[in-house]
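So you can see what is in the structure, the chains are spelled out below.
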Amino acid sequence: PTTKGPAPPAGRSAGAAASSSGGKPSKRGAGGDAPAKARAPRWNIPGAALTVLEDIFRVQHFPSVEARDKLAQELGVKPRQIQVWFQNRRQRERNSQRKVLRNSEDISEALLGFCSAGEDGEGSDDGSAAGKPDPAVAA
């Protein structure tokens, strides 16, 4: 059977080509038979809710299911949204720790290099000591 319209680019399915070009959204799933669920609108967290979430995160990085359920009810969202927020927040914490560690390692290396150059009393890398007479010249 022949198909109408241009062929999709190599390595991409017709559904992926349609969704990326503004056409119909592609179907999800292994079989592709069931239409994709409509995505819920993005949750823009109000400032008060964010404060509550951050306060709880400072105390406990892994709240229990019951705590998440209670928090979701208080904030008027689904427990899954609370779970995902905590997952994302833990990842942000890990990423910031890695960044701090990377920066502190760079600083440590720089300081160790600087200190090791001055440990022998010479002061600088070129071997000349500022303010001290050179023993080879004095003799």
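Here is what the cut-offs are and how they apply
- Residues numbered from 1 in each chain as written.
- Predicted model: local features only at pLDDT ≥ 70, side-chain atom pairs only at ≥ 80, totals over all residues.
- Heavy atoms only, no water.
- pLDDT = per-residue confidence, 0-100.
- Helix = DSSP H or I, 4+ residues; strand = E, 2+ residues; numbered from the N terminus.
- Contact = heavy atoms within 4.5 Å.
- Expected span 1.5 Å × (residues − 1).
- Buried < 20%, exposed > 50% of the residue type's maximum accessible area, 1.4 Å probe, protein only.
- Arc of directions from axis to C-beta.
- Salt bridge = Lys/Arg side-chain N within 4 Å of Asp/Glu carboxyl O.

Visitor: Any details on the confidence of the model for the chain? Residues and values, ideally.
Guide: Counting all residues, the mean pLDDT for the chain is 75, and 60% of those residues have values of 70 or more. Here helix α1 (residues 14–20) stands out as the element of the chain with the lowest mean pLDDT, 46, in contrast to helix α3 (residues 65–75), whose mean of 96 is the highest. Counted against residues more than four places away or in other chains, residues 12–21, with its pLDDT under 50, gives 13 contacts.

Visitor: Would you mind going over helix α2 (residues 47–59) in detail, with residue names and values included?
Guide: The first and last C-alpha atoms of α2 sit 19 Å apart over 13 residues, in line with the 18 Å expected at 1.5 Å per residue. Here α2 has its buried residues at A49, L53, E54 and F57. Across the axial projection of α2, the buried residues extend over an arc of 130°, all falling on one side. Exposed residues pointing more than 90 degrees away from the buried face of α2 are listed as G47, A48, R58 and V59.

Visitor: Before we move on, can you summarise the pattern of salt bridges with the specific residues and values?
Guide: Under the counting rule described, the total for this entry stands at four salt bridges. Between R89 and E54 there is a salt bridge whose closest N-O contact spans 3.1 Å. With R89 in helix α4 (residues 79–118) and E54 in helix α2, this pair connects stretches of sequence that are 35 residues apart. Accessibility expressed as a relative area gives 18% for E54, which makes it buried.

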